[in-house]
Amino acid sequence: MSGEQHQRKIIRNLQKGDVFSFNEIYRQYNKKIYSFSLSYLKNREDAEGAVQEVFLNLWRKRADLKIQYEIGPYLFTITYNTIRKHFCKLSRERKHLEKYGKTVLTDDDSTNAGIEYRNMVELAEDAIGQLPARQQTIYHLSMRDGLTSKEIAEKLGISDRTVENHLYRAKSYLKKALSDNRLISLLFIWLYIR
C-alpha cells in the first residue's frame, strides 16, 4: 500500500471514529506541532496546550472532515488558528498589540489559511523542482511515499549515508527557499519539511 493510500485509509477510519487512526495521526504530527508552537509561544505549557487544542478539535470534527487525501493541511489550519488566537488573547490581556501585531480573526480564517496553504504548496513544488534530479527523487520517496532512508538506499542502490546527505541538502534548500519569517511559512516548513 502506497503512502497516499495509507493516508486515505487513516482519514476514512478517523472519520468513522477509529481511535487507532487518530493515534497514528497524533504520533505523526504531535512533535512537529509542539516544536513549532513552542518556538512561537515560548512556553512549554502553552505549546502543550496548543497541541491538545489542535488534536481535540480534530477529534471533535472528525465526522465532518472534508478531507480525502491528506490530513496535513487540515492540521495546518487548526494549528495556525490556535497560535493566532493565543496571540490575540495575549494582546488583549497584556496589551501587547504592538509587540505581536494586530491580528483580526474572522469567521472565514480556515478559507484564508487554506489559500495560503495552497500558495505555500505551489512555492514548495517550484522549489522542489529546482533541486538536482537525484535530490528530488530521494525527497519524494521520503516525504511523499514515506520510505525510510534504508528503504530508499535499497531501492536506488546507494548507501544510507548518501540518502541522508541528499535529504539534508534538499531540506536545507527548501527551508531557505520557503522561509520569509511569516507565521504561515514557518508552520509549513515545520509540518512538511523539517
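This structure is a prediction, so every number in the text was calculated from the model and none was measured.

Draft legend 1. Structural context of the overall build of the protein chain. When its secondary structure is counted, the protein chain shows 10 helices and 0 strands. Start at the N end of the protein chain and walk to the C end: the helices and strands fall as α-α-α-α-α-α-α-α-α-α. For the protein chain, the proportion of its 194 residues judged to be buried stands at 37%. Considering only intrachain contacts with a sequence separation of at least 6, the fraction spanning at least 24 residues in the protein chain is 61%. Surface summary for the protein chain: the accessible area is close to 11800 Å², and the carbon and sulfur share equals 48%.

Draft legend 2. Main features of the environment of Ile10. Following the sequence through the fold, Ile10 ends up in helix H1 (residues 3-15). Look at Ile10 and you get buried, because its relative accessible area is 4%. Apart from the residues lying within four places of it in its own chain, the contact partners of Ile10 are Ser21, Glu24 and Ile25.

Draft legend 3. Fine view of a negative patch on the surface. A surface patch of negative charge is lined by Glu151, Glu154, Asp160 and Glu164. Contributions of two or more residues to the negative patch are made by helix H8 (149-156) and helix H9 (160-178). Take Glu151: it is sitting in helix H8.

Draft legend 4. Spotlight on the packing of aromatic side chains. Taken as a whole, this structure holds 3 aromatic pairs when the rule is applied. For the ring pair Phe22 and Phe55, a centre distance of 6.0 Å and an interplane angle of 90° mean the geometry is edge-to-face. Placement of Phe22 in helix H2 (residues 19-41) and of Phe55 in helix H3 (residues 44-60) is noted, with a sequence separation of 33 residues between them. For Phe22, a relative accessible area of 15% translates into the label buried. Using a relative accessible area of 3% as the deciding quantity, one classes Phe55 as buried. Between Phe22 and Trp59, the aromatic rings sit 5.3 Å apart at their centres with planes inclined by 75°, giving edge-to-face as the arrangement. A residue pair is termed long-range when its members are at least 10 positions apart, and Phe22 in helix H2 and Trp59 in helix H3 qualify at 37 residues. A cation over an aromatic ring shows up here: Arg62 above the ring of Trp59, its NZ or CZ 3.8 Å from the ring centre.

Draft legend 5. Molecular detail of the confidence of the model for the protein chain. With 73% of its residues at a pLDDT of 70 or more, the protein chain has an overall mean of 77. Looking across the protein chain, the model is least confident in helix H5 (residues 97-100), with a mean pLDDT of 41, and most confident in H3, with 90. Every residue in residues 94-108 scores below 50 in pLDDT, and together they form 16 contacts with partners more than four places removed in sequence or on other chains.

Draft legend 6. Focus on H2. Between the first and last C-alpha of H2 there are merely 29 Å, a value that for 23 residues lags more than 12% behind the 33 Å anticipated at 1.5 Å per step. Those residues of H2 that fall on the buried side of the exposure criterion are Ser21, Phe22, Ile25, Tyr29, Asn30, Ile33, Phe36, Ser37 and Leu41. Backbone geometry just downstream of H2 places Lys42 in the positive-phi region, at approximately 60°.

Draft legend 7. Structural context of H9. Under the 1.5 Å per step criterion, the end-to-end length of H9 is 27 Å for 19 residues, consistent within 8% with the ideal 27 Å. When H9 is considered as a whole, its buried residues turn out to be Val163, His166, Leu167, Ala170, Leu174 and Leu178. Buried residues along H9 cover an arc of 100° about the axis, so they all sit on one side. For H9, exposure combined with an orientation more than 90 degrees from the buried face picks out Arg161, Tyr168 and Lys176.

Calculation rules
Residues numbered from 1 in each chain as written. Predicted model: local features only at pLDDT ≥ 70, side-chain atom pairs only at ≥ 80, totals over all residues. Heavy atoms only, no water. Helix = DSSP H or I, 4+ residues; strand = E, 2+ residues; numbered from the N terminus. Buried < 20%, exposed > 50% of the residue type's maximum accessible area, 1.4 Å probe, protein only. Contact = heavy atoms within 4.5 Å. Areas by Shrake-Rupley, 256 points an atom, 1.4 Å probe, with all protein chains shown as cover. Patch = residues over 30% accessible without salt bridge, like charges linked within 9 Å, V, L, I, M, F, W, Y side chains within 5 Å. Salt bridge = Lys/Arg side-chain N within 4 Å of Asp/Glu carboxyl O. Lys, Arg positive; Asp, Glu negative; His and termini not counted. Charge placed at Lys NZ, Arg CZ, Asp CG, Glu CD. Phe/Tyr/Trp six-rings, centres within 6.5 Å; stacked < 30°, edge-to-face > 60°. Lys NZ or Arg CZ within 6 Å of the ring centre and 35° of its normal. pLDDT = per-residue confidence, 0-100. Expected span 1.5 Å × (residues − 1). Arc of directions from axis to C-beta.

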